[in-house]
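# Coordinate analysis (summary)
The chain contents come next:
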There are 4 protein chains.
Amino acid sequence: MRIAILTSGGDAPGMNATIRAVTRTCIYEGIEVFGISGGYEGLIDAKFEKLVQSSVADIIQRGGTILSTSRSERFMTEEGLEKAINSLKIFEIDALIVLGGDGSLRGAKMLRDRGINVIGIPCSIDNDLAYTDFTIGFMTAVETVTEAISHIRDTTEAHCRANIVEVMGRECGDIALYSGVSSGAESIIVPEIPLDMNEIAEKAIMGKNRGKKHHIIIMAEGCGSAFDFAKEFEKFTGIDTRVTVLGYIQRGGAPSIFDRILASELGYLAVKEAKLGNSLALGFKDGIAIKMSFEEIFKIKKVFRHDLLDILKIVSI
Amino acid sequence: MRIAILTSGGDAPGMNATIRAVTRTCIYEGIEVFGISGGYEGLIDAKFEKLVQSSVADIIQRGGTILSTSRSERFMTEEGLEKAINSLKIFEIDALIVLGGDGSLRGAKMLRDRGINVIGIPCSIDNDLAYTDFTIGFMTAVETVTEAISHIRDTTEAHCRANIVEVMGRECGDIALYSGVSSGAESIIVPEIPLDMNEIAEKAIMGKNRGKKHHIIIMAEGCGSAFDFAKEFEKFTGIDTRVTVLGYIQRGGAPSIFDRILASELGYLAVKEAKLGNSLALGFKDGIAIKMSFEEIFKIKKVFRHDLLDILKIVSI
Amino acid sequence: MRIAILTSGGDAPGMNATIRAVTRTCIYEGIEVFGISGGYEGLIDAKFEKLVQSSVADIIQRGGTILSTSRSERFMTEEGLEKAINSLKIFEIDALIVLGGDGSLRGAKMLRDRGINVIGIPCSIDNDLAYTDFTIGFMTAVETVTEAISHIRDTTEAHCRANIVEVMGRECGDIALYSGVSSGAESIIVPEIPLDMNEIAEKAIMGKNRGKKHHIIIMAEGCGSAFDFAKEFEKFTGIDTRVTVLGYIQRGGAPSIFDRILASELGYLAVKEAKLGNSLALGFKDGIAIKMSFEEIFKIKKVFRHDLLDILKIVSI
Amino acid sequence: MRIAILTSGGDAPGMNATIRAVTRTCIYEGIEVFGISGGYEGLIDAKFEKLVQSSVADIIQRGGTILSTSRSERFMTEEGLEKAINSLKIFEIDALIVLGGDGSLRGAKMLRDRGINVIGIPCSIDNDLAYTDFTIGFMTAVETVTEAISHIRDTTEAHCRANIVEVMGRECGDIALYSGVSSGAESIIVPEIPLDMNEIAEKAIMGKNRGKKHHIIIMAEGCGSAFDFAKEFEKFTGIDTRVTVLGYIQRGGAPSIFDRILASELGYLAVKEAKLGNSLALGFKDGIAIKMSFEEIFKIKKVFRHDLLDILKIVSI
């Protein structure tokens with residue numbers, strides 16, 4: 001049997017740990033395993049390379065992806081898709097394992113619809129796949145943001161200021177929400193909840209009146225300009241306010257323990273399912289690894305954790 | 001209404017984050033909240049201190065416990081227990097929130113049996129409470145061990161050696177198991193599984209023959225002497241072998257993201273339940289916060305994750 | 001005898017470690033020590049607070065400054081300066097210890113010129129004081145930048161891109177230079193050296209041709225827009241290029257070992273010199289703590305380490 | 001021209017960064033460069049491998065040594081030494097660069113005495129070479145110890161205990177001294193200073209009386225049993241006392257900024273000197289890179305920094 005693996009879309013910490021688990025499980029099971037370079041682009045161009053035990057040595061802790069990744073426009077064309085399928089046929093691949101976020105798993109479904117056996121593993125810092133509680137990489141991004149905010153708080157406190165910290169997440173406010181709780185931020189602004197300047201400003205002013213010397217507000221990238229908000233906030237509160245856009249530091253870094261274990265579990269399971277001839281997506285729900293059809297995963301609507309937001313607001317008073 | 005909080009037994013990262021969540025939620029709910037110094041010892045001696053918003057400022061990221069902790073032998077006596085109950089009556093405490101591991105929650109049950117309203121929150125690096133998937137502090141300890149092993153691996157590899165790393169956990173092998181997966185250790189030795197020297201030695205020799213320059217074996221503290229095992233292992237394999245006993249570094253450190261969120265959730269929930277006049281233990285099961293009676297929690301038997309051990313063995317080949 | 005201490009200008013990691021060393025040395029020597037809140041602004045408004053042993057407990061590892069800091073425009077006026085001097089007289093301060101960068105030490109000199117005994121300690125992440133090899137906080141900022149770049153490299157490599165990383169430093173390229181060496185960046189752009197696009201582009205193209213998947217260029221903030229440069233660089237090289245502006249994360253964080261030791265040495269020495277009735281600036285030159293008059297320190301011209309730049313260029317080929 | 005490089009003795013963080021600097025500088029200068037596997041053992045057995053640009057990619061931040069290291073007894077024999085020299089002749093090596101501590105540089109001198117051109121670079125966590133202010137790896141070890149102590153302090157404080165932390169350093173107390181200052185330890189015990197139990201106990205008791213909840217004493221490994229001392233200390237002070245032996249975690253880990261820069265400078269300089277046909281040792285003295293003859297370096301006596309010890313005692317009151 002032959003399995004191929006690719007990483008697609010934005011990179012996420014834990015992709016390498018997943019590649020390692022897939023590769024080693026294949027070798028253990030006597031399955032030949034090939035890495036495809038550069039995501040769907042590399043699939044189209046048949047950039048296959050055989051993976052052996054040592055190909056994945058010492059990568060469990062590395063950010064990024066040793067297979068490289070990309071967003072492929074050619075794959076979205078009929079011609080590109082056909083070429084991709086052709087590559088899999090030439091190399092006699094029995095199953096393809098795709099690591100990526102929403103767009104990458106939609107690409108996986110396209111291949112599945114053409115008869116390819118595909119296993120999807122959710123890897124994305126954004127946590128924007130509704131069917132899984134956590135994507136691989138998300139908790140690491142939250143860790144990175146929390147560490148960055150601890151630096152920002154030092155300076156913010158030294159100057160008795162506020163700081164608006166813009167974080168990633170596309171249309172999903174989860175990075176802002178979780179890092180808000182873990183860093184003890186005073187407020188967050190997320191796409192899922194309408195912005196209430198009065199509530200935010202009141203909290204800041206009350207904190208200041210009680211002697212709080214710092215005020216951290218985390219803003220998800222899908223909520224407009226952090227700089228515009230900062231100006232408005234400063235006008236409302238009279239608090240000297242700065243902006244930090246965290247940018248690319250959120251993508252990289254060694255995966256957290258949580259992501260390493262998730263990656264090991266899902267990588268292992270992917271090979272097991274591929275071996276059975278199944279085509280499906282894997283995830284992590286209610287504390288355990290799950291599998292779900294490609295039809296189902298795109299029907300589920302993402303649920304925002306309002307309960308966690310309530311906790312955030314109360315424990316940061 | 002008045003709530004008191006204490007930390008008991010071995011300290012665990014996330015105790016402070018829990019104290020913060022309890023205190024802030026109490027204040028938000030208009031409940032007076034008191035910190036008790038030094039665990040059940042302090043309860044016996046009525047060492048109460050009122051907690052305000054700023055008492056818990058800037059502690060979410062701190063290891064240890066600002067309330068101090070201890071193991072109390074006096075509390076195990078009838079006289080001590082009565083004094084403890086008396087302290088709660090003098091201060092007119094309506095509910096006591098206890099943070100700790102197995103022994104501490106047994107103490108909580110004793111108070112509950114005497115009519116005190118008690119909420120138990122599982123805080124322990126050992127993950128030795130069966131009713132909850134995770135205790136607060138456990139994932140941080142796994143993170144610390146994983147980081148330590150990354151250091152040890154550098155040296156082990158530079159000298160082409162093996163290293164036996166002894167970790168904490170009492171009778172529970174979870175620290176060894178999880179840190180084994182996340183650090184990519186070759187084998188683990190845990191109390192839950194009989195030691196199979198042949199299996200471990202064979203893996204080491206095969207790795208060496210394939211060119212692996214390092215070999216890490218994690219040994220839980222409940223499995224005998226790491227030094228004795230190292231000698232035996234060296235004799236079996238011919239690989240130069242050293243021992244590292246990680247010791248107290250495993251207890252401290254800033255709590256991981258996972259533990260901070262768990263702490264915030266359970267601390268918040270504890271106050272909600274206390275307000276309702278309930279007496280029970282909180283935990284985290286199947287991905288969400290749960291509550292359970294003190295009777296039930298001690299009936300459940302801890303289940304070792306054999307599935308994760310299988311994954312560990314395969315992905316570290 | 002009475003000593004007062006203030007922190008001024010931008011905060012820097014190690015300010016707290018310095019405050020701790022000053023406070024403890026004063027207490028050991030039987031000197032009363034006062035902290036002034038908010039830099040020269042606080043001095044003008046006589047915001048003095050007595051410091052005791054426990055005031056500085058557990059702060060050696062904290063970023064920011066427990067005394068708060070500011071940039072004071074009032075202090076630049078005759079009226080402000082007089083009020084500041086008056087504050088010192090009211091509190092019968094025998095010597096003032098000032099922690100800060102270039103502007104703050106110029107302020108210290110102004111007080112000295114009016115007859116106040118002042119000791120200056122160079123604290124700034126920018127390393128922009130010529131008379132000292134290192135300012136307290138600089139090496140920590142280099143560490144933070146290096147860590148951030150390790151994250152950025154993961155993503156840059158995963159996508160086979162280049163990334164232009166804008167760092168702080170005002171007119172001084174030292175953060176860019178040192179973090180360039182320690183992170184293994186391919187090129188740096190600093191105010192001290194004319195930008196040579198051909199050299200930078202050639203190196204990038206040659207690296208790409210040899211199979212290098214990432215290309216990191218560090219740009220000091222005083223060298224124009226990183227976004228403009230990125231566009232130009234992309235045009236020259238054809239390499240997909242992104243920009244990261246590190247911003248405020250560079251200021252905070254726990255001080256590095258180097259800065260903690262420097263802070264302890266200079267804080268201790270400051271009290272010794274103050275006790276002798278001296279007025280001067282402290283620094284770190286040729287591997288040891290030094291003292292120098294306020295006249296001299298502003299005459300010395302900063303020397304850029306061209307030798308280190310040469311090394312950077314060669315070891316990153 | 002041909003240069004060979006080896007790492008010898010205990011591994012130290014920064015060895016890889018040095019190997020990288022040597023390799024890249026050689027390539028830049030048009031010199032062929034060979035890595036020798038396993039230190040002097042590998043030299044005797046002629047384990048040479050050609051190094052190219054990519055051999056040292058992505059290793060600046062890695063602990064350990066990609067060349068492996070060992071302590072060689074054969075090299076101490078006439079026969080071993082001759083074989084080593086023979087290996088160098090067969091491969092037509094013009095100069096050998098040796099990375100290691102005291103013993104390794106003595107080995108380098110032996111080769112030099114037989115007419116081999118040798119450049120020595122001090123790499124050791126112990127800082128036990130008198131002629132250089134710092135060995136590569138030392139500051140990283142201090143960083144690791146400081147981080148470990150921050151963990152230990154959390155627990156020590158939570159239980160109101162003392163903790164005796166045993167650190168490495170052989171006959172040199174520098175790791176204990178520097179990590180004592182940077183971690184804010186109360187006392188240190190080093191081979192250079194006679195142990196004064198009264199002084200240490202008095203400080204602990206005074207701290208306890210003032211309300212200090214933790215007491216950290218760092219003990220260098222050359223000063224007897226930490227367990228024996230702990231018992232004695234407990235008897236003198238009545239403070240509950242534990243012991244932590246840090247062990248192998250002190251050797252590994254990513255090199256600190258300081259060590260990466262030192263490694264880059266000395267690696268670069270080593271090639272420059274080798275090219276000139278010189279045979280000497282490199283070091284870092286008075287803030288800059290230095291060179292010195294093999295005769296001189298072993299004549300210099302190590303000077304303990306009593307000034308820093310005085311500072312440590314005062315700033316930790």
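Residues numbered from 1 in each chain as written. Chains lettered and ligands numbered in written order. Predicted model: local features only at pLDDT ≥ 70, side-chain atom pairs only at ≥ 80, totals over all residues. Heavy atoms only, no water.

Note the following rule: UniProt positions are given in the numbering used here, feature names are shortened, and annotations may be inferred rather than shown by experiment.
An unreviewed UniProt entry lists chain A under the name 6-phosphofructokinase, with Peptoniphilus porci as the source organism. Recorded in UniProt under Function (unreviewed entry), the annotation for chain A is "Catalyzes the phosphorylation of D-fructose 6-phosphate to fructose 1,6-bisphosphate by ATP, the first committing step of glycolysis." Quoted verbatim from the Pathway (unreviewed entry) heading of the UniProt record, the comment on chain A is "Carbohydrate degradation; glycolysis; D-glyceraldehyde 3-phosphate and glycerone phosphate from D-glucose: step 3/4."

### Thoughts on the side chain of Ser8 of chain D
Residues and elements named next belong to chain D. Heads up, the rule is: Secondary structure elements are taken from DSSP: a helix is a run of H or I of four residues or more, a strand is a run of E of two residues or more, and numbering for both begins at the N terminus. Accessibility here uses a 1.4 Å probe with only protein chains present; expressed as a share of the type maximum, an area under 20% marks a residue as buried, one over 50% as exposed, and anything in between as partly exposed. Whether two residues touch is decided by their heavy atoms; if any such pair falls within 4.5 Å, the residues are in contact.
Assignment of secondary structure puts Ser8 in the loop between β1 (2–7) and α1 (15–28). In this structure Ser8 comes out as buried when scored by relative accessible area, which is 5%. Residues contacting Ser8, with those up to four places away along its chain left out, are Met15, Tyr40, Thr69, Ser70, Leu99, Gly100 and Ser104.

### Some points on the relation of the copies chain A and chain B
Think of it as a corkscrew move, a rotation about one axis and a shift along it, taking one chain copy to the other. What counts is decided by this rule: The copies were overlaid with a least-squares fit restricted to C-alpha atoms from residues scoring a pLDDT of at least 70 in each copy.
The two copies are related by a screw motion: chain A maps onto chain B through a turn of 180 degrees and a shift of 0.0 Å along the axis, at an RMSD of 0.0 Å. Taken together, the rotation and translation describe the operation of a two-fold axis. An overlap of 100% is found between the interface residues of chain A and their copies at the interface of chain B, pointing to a shared contact surface.

### Quick word on the state of the cysteines
The condition that has to hold: Any pair of cysteine sulfurs within 2.5 Å is marked as a disulfide.
For the coordinates displayed, the defined rule picks out zero disulfides over all chains. Here Cys223 of chain A is not cross-linked by a disulfide; its sulfur's nearest cysteine counterpart is in Cys172 of chain A, at 11 Å.

### Section: unusual backbone geometry
Residue and element names in this part refer to chain B. For Asp58, which is not a glycine, the phi torsion comes out positive at approximately 60 degrees. Residue placement: Asp58 occurs in the loop between β3 (48–50) and α3 (78–90). Look at Asp58 and you get partly exposed, because its relative accessible area is 32%.

### Remarks on the sheet that holds strand β6 (residues 162–167) of chain D
Strands belonging to one sheet form pairs held by backbone hydrogen bonds; the direction of such a pair is parallel or antiparallel. All names here are of chain D. Counted only if it meets this: Two strands pair if DSSP finds at least two bridges between them. Fitting a line to C-alpha atoms yields each axis, with helices limited to the stretch in contact; the angle taken between N-to-C directions then spans 0 to 180 degrees.
Sheet architecture is open: four strands sit in the order β7-β8-β6-β9, paired in parallel fashion. The sheet terminates laterally at β7 (187–189) and β9 (241–245), the two strands that pair on one side only. For this sheet, the mean angle separating the axes of adjacent strands, direction not counted, is 20 degrees. In the sheet, β7 pairs with strand β8 (residues 215–220) via three bridges, with the strands oriented parallel. Bridged to Ile189 within β8 is Met219. Of the strands in this sheet, β7 and β8 are in contact with helix α7 (residues 197–209), which crosses β8 at around 160 degrees.

### Some remarks on the interface of chain D and chain B
Worth spelling out the cut-off: Using a 1.4 Å probe, buried area is obtained as the accessible area two parts lose upon being combined, added over both of them. Between Lys or Arg on one side and Asp or Glu on the other, a salt bridge is scored when a side-chain nitrogen of the former is within 4 Å of a carboxyl oxygen of the latter. For this scheme, ten residues count as nonpolar: Ala, Val, Leu, Ile, Met, Phe, Trp, Tyr, Cys and Pro. Four count as charged, namely Asp, Glu, Lys and Arg, and the remainder, Gly too, count as polar.
In this complex, chain D contributes 33 residues to the contact, which on the side of chain B involves 33 residues. With both sides pooled, the region where chain D packs onto chain B buries about 2400 Å², and carbon together with sulfur makes up 51% of that total. Area buried by chain D at its contact with chain B is led by His151, Tyr248 and Ile249 of chain D, which between them contribute 27% of it. At the boundary of chain D and chain B, one finds zero salt bridges. Counting only elements with at least two residues in the side of chain D that touches chain B, the list comes to α5 (138–158) and β9 of chain D. Residues that form the side of chain D that touches chain B fall into these classes: 10 nonpolar, 15 polar and eight charged.

### With respect to the sheet that holds strand β11 (residues 288–292) of chain B
Residue and element names in this part refer to chain B. Taken in spatial order, the seven strands of this open sheet run β3-β2-β1-β4-β5-β10-β11, and their pairing is mixed. Every interior strand has two partners, whereas the edge strands, β3 and β11, have only one. The sheet shows a mean angle of 25 degrees between the axes of neighbouring strands, direction not considered. Where strand β10 (residues 280–285) meets β11, five bridges bridge the pair, whose relative direction is antiparallel. Each bridged residue has a counterpart across the sheet, and for Gly283 the counterpart in β11 is Ile290. Its contacts with the sheet put helix α9 (residues 257–275) on β1 (2–7), β4 (95–100), β5 (118–122), β10 and β11, and the angle it makes with β10 is roughly 145 degrees.

### Section: the interface of chain A and chain B
Worth spelling out the cut-off: Between N or O atoms, a polar contact is any pair within 3.5 Å; within protein, one atom must be a potential hydrogen donor and the other a potential acceptor, and residues adjacent in sequence are included only when both atoms are from side chains.
The partner chain B presents 34 residues to the 34 residues of chain A that form the contact. Run the count over chain A and chain B and you get two salt bridges. A salt bridge links Glu265 of chain A to Arg305 of chain B; the nearest nitrogen and oxygen atoms lie 3.1 Å apart. For the interface between chain A and chain B, the tally reads 12 residue pairs in polar contact (both at pLDDT 80 or more). Elements supplying a minimum of two residues to the side of chain A that touches chain B: α1 (15–28), α5 (138–158), α6 (174–183), α9 (257–275) and α11 (306–315) of chain A. Considering every element that reaches the side of chain A that touches chain B, the biggest residue donor is α9 of chain A, with seven residues.

### Remarks on the environment of Glu41 of chain C
Residues and elements named next belong to chain C. Mapped onto the elements, Glu41 comes out in helix α2 (residues 39–44). Taking the relative accessible area as the measure of exposure, Glu41 reaches 22% and is therefore partly exposed. Considering only alpha carbons, one finds Glu41 and Ala148, 107 residues apart in sequence, at a separation of 34 Å. With sequence-adjacent residues up to four places away left out, Glu41 is seen in contact with Ser70, Ser72, Glu73 and Arg74.

### Side note on the relation of the copies chain D and chain B
Each copy of the sequence occupies a distinct position, and chain D is placed on chain B by a rotation of 180 degrees and an axial shift of 0.0 Å, giving an RMSD of 0.0 Å. Most of the interface of chain D is mirrored in chain B, where 100% of its interface residues again form contacts.

### What to know about the environment of Ile317 of chain A
Mapped onto the fold, Ile317 of chain A is located in the segment after α11. Spatially, the C-alpha atoms of Ile317 of chain A and Gly103 of chain A are 38 Å apart, while their sequence positions differ by 214 residues. Apart from the residues lying within four places of it in its own chain, the contact partners of Ile317 of chain A are Lys203, Arg210 and Lys212 of chain A together with Arg24, Ile27, Tyr28 and Gln53 of chain B.

### Notes on the packing of aromatic side chains
Rules: To pair, rings of Phe, Tyr and Trp, with the six-membered ring standing in for Trp, must have centres within 6.5 Å; the planes then decide the type, stacked if under 30 degrees apart, edge-to-face if over 60, and tilted in the middle.
A complete count under the given rule lists 41 aromatic pairs over all chains for this structure. Residues Phe258 of chain C and Phe284 of chain C carry aromatic rings whose centres are separated by 6.0 Å and whose planes lie at 85 degrees to one another, so their mutual orientation is edge-to-face. Of this pair, Phe258 of chain C sits in helix α9 (residues 257–275) while Phe284 of chain C sits in strand β10 (residues 280–285), and the two are 26 residues apart along the sequence. An identical accessibility class is assigned to Phe258 of chain C and Phe284 of chain C; each is buried. Taken together, a centroid distance of 6.5 Å and an interplanar angle of 70 degrees make the contact between Phe34 of chain D and Phe48 of chain D edge-to-face. Of this pair, Phe34 of chain D sits in strand β2 (residues 32–36) while Phe48 of chain D sits in strand β3 (residues 48–50), and the two are 14 residues apart along the sequence. The rings of Phe134, Phe138, Tyr178, Phe258 and Phe284 of chain A together with Phe134, Phe138, Tyr178, Phe258 and Phe284 of chain B are connected pair by pair, giving a single aromatic cluster.

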